[in-house]
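The primary structure of each chain is shown beneath.
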Amino acid sequence: MSKLNRRLWPGGLCVVVWACLNAPAQNPAPTEYQVKAAFLYNFGRFVEWPARARPPANLTICVLGDDPFGPVLDGLIEGKSIQGRKLVARRPERVEDAGDCHILFISSSENGRLAQILAALRGRSVLTVGEAERFAHRGGMINFRLEGSKVRFEINLDATEQEGLTVSSQLLKLATIIREHQQPRG
């Protein structure tokens, strides 16, 4: 991340999310999945992959399982790039086809298979994102959760570190940090 990006963060994230949503003040508030799609885009900006898994020409954002985004994700990233890498959205039908994804949103429809999915991705440096109950406590990397109508997220630092992913300190400031030995509150 450049020095300029570091200085503009975290206020910059809010501006970027807003700009990604193209939400003029007179339009209705963005939907939950518009906000989550904008976060997926921004996770690509504030996570670094190890050299062996660094995106070559494209940075691929995938959705595994039932797709709650619909055309929102595709529309959001169309024509955009991160550090010169074109953003591409894919929807692999099987986890075996998701190994080349850089960011993988694992739908709640896959909750019963989560352990098998995460095991299949081990060693591939895929940033896993989900919204299932206790996703980050079960080995997922970033878990969306709702606080009222606001989308928040948790980051499992043990899981990201095991895969060689470096999460920006600026992104960590906005997250609830989860360690695998830590028990969930409540």
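In case you missed it, the structure is sitting above this.
These figures come from a predicted structure and were not determined experimentally.

Conventions adopted
Residue numbering note: each chain is counted from 1, following its sequence as written. For this predicted model, a pLDDT threshold of at least 70 governs which residues receive local features, and a threshold of 80 or more governs which side-chain atom pairs are given and counted, while totals over whole chains, interfaces and linings are taken from all residues. Note that water and hydrogens are dropped before the side-chain values are worked out from all heavy atoms of the structure. Two strands pair under a simple rule: DSSP has to find at least two bridges between them. Helix and strand assignments come from DSSP, with helices taken as H or I runs of at least 4 residues and strands as E runs of at least 2, each series counted from the N terminus. Throughout, a contact is declared for two residues whenever any of their heavy atoms are within 4.5 Å. The axes used here are C-alpha line fits, helices contributing only the stretch in contact, and every angle between their N-to-C directions lies in the interval 0 to 180 degrees. To estimate how far a helix should reach, multiply one less than its number of residues by 1.5 Å. Here's how the labels work: a residue is buried when its accessible area is under 20% of the maximum for its type, exposed when over 50%, partly exposed in between, all with a 1.4 Å probe on protein chains only. Between 30 and 60 degrees the pair is tilted, below 30 it is stacked and above 60 it is edge-to-face, where a pair is any two Phe, Tyr or Trp rings, Trp via its six-membered ring, whose centres lie within 6.5 Å. Directions are taken from the helix axis to each C-beta atom, and the arc is the one they span. We call a pair of cysteine sulfur atoms a disulfide whenever their separation is within 2.5 Å. As used throughout, the charge tally considers Lys and Arg to be positive and Asp and Glu to be negative, leaving His and the chain termini uncounted. Here a salt bridge means any side-chain nitrogen of Lys or Arg lying within 4 Å of a carboxyl oxygen belonging to Asp or Glu. Two N or O atoms count as a polar contact when they lie within 3.5 Å, although within protein this holds only if one can serve as hydrogen donor and the other as acceptor, and sequence-adjacent residues are included solely when both atoms are side-chain atoms.

1. Focus: the sheet that holds strand β7 (residues 142-147)
So, step 1. The strand order across the open sheet built from eight strands is β3-β4-β2-β5-β6-β7-β8-β10, with neighbouring strands paired in mixed fashion. Looking along the sheet, the strands with just one partner apiece sit at the ends: β3 (81-82) and β10 (176-178).
So, step 2. Here strand β6 (residues 127-130) runs beside β7; their pairing, made up of two bridges, is parallel. Residue pairing in the sheet places Val 129 in a bridge with Ile 142 of β7.
So, step 3. Each of β2 (58-64), β5 (103-106) and β6 touches helix α5 (residues 114-121); the most contacted strand, β5, lies at about 170° to it.

2. Regarding helix α3 (residues 32-46)
So, step 1. Between its first and last C-alpha atoms α3 spans 21 Å; for 15 residues at 1.5 Å apiece the expected length is 21 Å, and the two agree.
So, step 2. For α3, the buried fraction is high: 11 of the 15 residues fall into the buried class.
So, step 3. Here α3 has its buried residues at Val 35, Lys 36, Ala 37, Ala 38, Phe 39, Leu 40, Tyr 41, Asn 42, Phe 43, Gly 44 and Phe 46.

3. Focus on the pairing of strand β4 (residues 85-90)
So, step 1. Pairing of β2 with β4, which is carried by five bridges, proceeds in the parallel orientation. By the bridge assignment for β4, Cys 62 is matched with Arg 90.
So, step 2. As paired elements, β3 and β4 share two bridges and run antiparallel to each other. In the strand pairing of β4, Ser 81 is matched with Lys 86.
So, step 3. With antiparallel pairing between neighbouring strands as the criterion, β3 and β4 make up a hairpin whose turn holds two residues, including Gln 83 at a positive phi of roughly 50°.

4. Observations concerning the packing of aromatic side chains
So, step 1. A complete count under the given rule lists eight aromatic pairs for this structure.
So, step 2. Centroid distance Phe 39 to Phe 144: 6.2 Å. Interplanar angle 50°. Geometry classified as tilted. Placement of Phe 39 in helix α3 and of Phe 144 in strand β7 is noted, with a sequence separation of 105 residues between them.
So, step 3. Classification of Phe 144 as buried rests on a relative accessible area of 2%.
So, step 4. When the ring of Phe 105 is compared with that of Phe 144, the centres are 6.4 Å apart and the planes differ by 35°; the resulting orientation is tilted. Of the two residues, Phe 105 is situated in strand β5 and Phe 144 in strand β7; the sequence distance between them amounts to 39 residues. Pair check on accessibility: Phe 105 and Phe 144 agree, each one buried.
So, step 5. Every member of this aromatic cluster is reached through a ring pair, and the members are Tyr 33, Phe 39, Phe 43, Phe 69, Phe 105, Phe 144 and Phe 153.

5. Quick look at α5
So, step 1. Within the sequence span of α5, burial applies to Leu 114, Ile 117, Leu 118 and Leu 121. Axial view of α5: buried residues confined to an arc of 95°, hence all on one face. Set apart from the buried face of α5 by more than 90 degrees, the exposed residues are Ala 115 and Gln 116.
So, step 2. Against the buried residues of α5 lie β2, β5 and β6.

6. Re the state of the cysteines
Chemically, a disulfide is nothing more than a covalent bond linking the sulfur atoms of two cysteines.
So, step 1. According to the stated counting rule, one finds one disulfide in the structure shown.
So, step 2. What pairs with Cys 62 in a disulfide is Cys 101, and their sulfur atoms sit 2.0 Å apart. Disulfide Cys 62-Cys 101: torsion about the S-S bond near -90°, hence left-handed. In this pair, Cys 62 sits in strand β2 while Cys 101 sits in the loop between β4 and β5, placing the two residues 39 residues apart along the sequence. Comparing Cys 62 with Cys 101 shows no difference in burial state: the two are buried.

7. A word on the side chain of Glu 163
So, step 1. You can see Glu 163 is positioned in the loop between α6 (157-162) and β9 (166-167).
So, step 2. One buried charged residue, Glu 163, forms no salt bridge at all, with the nearest opposite charge on Arg 52 at 5.1 Å.
So, step 3. At 2.9 Å, the side chain of Glu 163 forms a polar contact with the backbone nitrogen of Gly 123.

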